[in-house]
Structures are given as C-alpha cells and as structure tokens.
Amino acid sequence: MSDVLPLFPHDVLDDVPDASEDTSSMVGRVGEGIVIAWLSRQGLLSRQVDFPHTDLVVPVPGRMLRVEVKTCGFATTSGHQVTPAYIYTTAQSKSVYDKDQKARRNIGRVALTLEHCDIIAGVCLDVERILFWVPDGRGTVRKKPKELTYPDCEGVTWRNCLDQLEIGLGEF
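The rules we used
- Residues numbered from 1 in each chain as written.
- Predicted model: local features only at pLDDT ≥ 70, side-chain atom pairs only at ≥ 80, totals over all residues.
- Heavy atoms only, no water.
- Helix = DSSP H or I, 4+ residues; strand = E, 2+ residues; numbered from the N terminus.
- Buried < 20%, exposed > 50% of the residue type's maximum accessible area, 1.4 Å probe, protein only.
- Lys, Arg positive; Asp, Glu negative; His and termini not counted.
- Salt bridge = Lys/Arg side-chain N within 4 Å of Asp/Glu carboxyl O.
- Polar contact = N/O pair within 3.5 Å; in protein donor to acceptor, adjacent residues only side chain to side chain.
- Contact = heavy atoms within 4.5 Å.
- 1 Å grid on protein atoms, 1.4 Å probe; cavity = no way out; pocket = protein on both sides within 12 Å on 5 of 7 lines; lining within 4 Å.
- Points joined across faces, edges and corners; volume = space filled by probe spheres on them.
- Nonpolar A, V, L, I, M, F, W, Y, C, P; charged D, E, K, R; others polar.
- Phe/Tyr/Trp six-rings, centres within 6.5 Å; stacked < 30°, edge-to-face > 60°.

*Asks:* Can you explain the side chain of D55? Please cite residues and give values.
*Replies:* Secondary-structure assignment places D55 in strand β2 (residues 54-60). Buried charged residue D55 carries no salt bridge. Nearest counter-charge: R29, at 5.9 Å. Side-chain polar atoms of D55 contact the backbone nitrogen of V69, separated by 2.9 Å. In contact with D55, not counting residues within four places along its chain, are E32, R47, Q48, V49, V67, E68 and V69.

*Asks:* An account of the layout of surface pockets is needed here, citing residue identities and associated values.
*Replies:* If a probe as big as a water molecule is rolled over the atoms, it shows which places are left empty. In this model, the largest pocket occupies a volume close to 370 Å³. If you trace the largest pocket, you find 17 residues lining it, with S24, G28, E68, V69 and K70 closest to the centre. Of all the elements in the fold, those that place two or more residues in the lining of the largest pocket are α2 (23-41), β1 (47-51), β3 (63-72) and β4 (86-89). No other element matches the 5 residues that α2 contributes to the lining of the largest pocket. Of the residues assigned to the lining of the largest pocket, the class counts are 4 nonpolar, 6 polar and 7 charged.

*Asks:* Can you tell me about the packing of aromatic side chains, naming the residues and giving the values?
*Replies:* Evaluated as defined, the whole model comprises 4 aromatic pairs. Note on Y88 and W133: the rings are 5.6 Å apart at their centroids and 55° apart in plane angle, and the pair reads as tilted. Taken together, the residues span a long stretch of sequence, with Y88 in strand β4 and W133 in strand β8 (residues 129-133) at a distance of 45 residues. With respect to burial, Y88 and W133 carry one shared label: buried. When the ring of F132 is compared with that of W158, the centres are 5.0 Å apart and the planes differ by 75°; the resulting orientation is edge-to-face. Placement of the pair is F132 in strand β8 and W158 in helix α3 (residues 153-164), with a sequence separation of 26 residues.

Purely spatial values, then, with no claim about function.
If you want it as structure tokens, here you go:
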C-alpha cells in the first residue's frame, strides 16, 4: 500500500496560488482575458504584454495599438455621488530615482494620456461588458451602468476610439 499516491500530494498543493496573493492583479488578469476574448471574436489578434501603462497590444494596419485594461467588479457609489457608477482609476503612480537614497521615490500620480496608451478598456465584471475610450488625462473615469445597456456597446465604443485615432479598418 505504500505505492499508493496520497490524494493531495504536497508538491501539487505547493503550486496552488496563495489566497493572500494580490487580488487586484488577479482581477485585472480576468479583465484582460475578457478583452482578449472580445477582440478575438472581432477577428483581431492581441497579445498580453507587461509594459508600463499597456496590458495588451493589438496590431492594426499601419500600427500597433496599446491598450490599458481597467477592471471594475461592480457599480458603486462614492463620496457625494448617489447614482451608482463603474469607477476606474486611470492615473498611475510616478516615481523618480533618488541618487542620495539609492531608491525610487513616489512623486505623485499621472493621469493616462495618449503618450501612455492608445485605448483604455474598462471591463465591468458583474455584467461582463467592456467600454472603450481614448485616454483624455482624467485620473478617474466614471461610467454609468446605462452605458452598458445598448446593444454592442463594445463595438460602438471600440469604433469610436478608432475614429478618434483616425484608424480605418473598413467594415469592422
């Protein structure tokens, strides 16, 4: 009977992610997967990358689109707002290297612009929908749940981004 493997070998359990692992990065990966799946259904290839301010790259004729994915679990209210909204933080921490301290020092937050990425994909996990927009320098973006109710909100907002960026893909 010593040849029988235990039901849950310890070496297998060692590979299971720890529940204390950063939940926000796991949620972000789920959002990226939803965007990749949607792009794929549209016939667009995309690739996950680990670049600052860019989660996915999408090749289109003549250029490579940089897409930053922001994922929100559900619509919430905040502060004095009474109408629920999907709230996305579209500002990133900025740091500089301090030679004296020999370490990076945070110097504040910088809102995403076209210098950082071409398109932001806002994933709404609770309804598994996506809204796309071109970064405009706002550090926080609020999207109302009703924006997700019209048919093909993904396609409409994606095409709006392509129009703003002056990218023609023909009949998309």
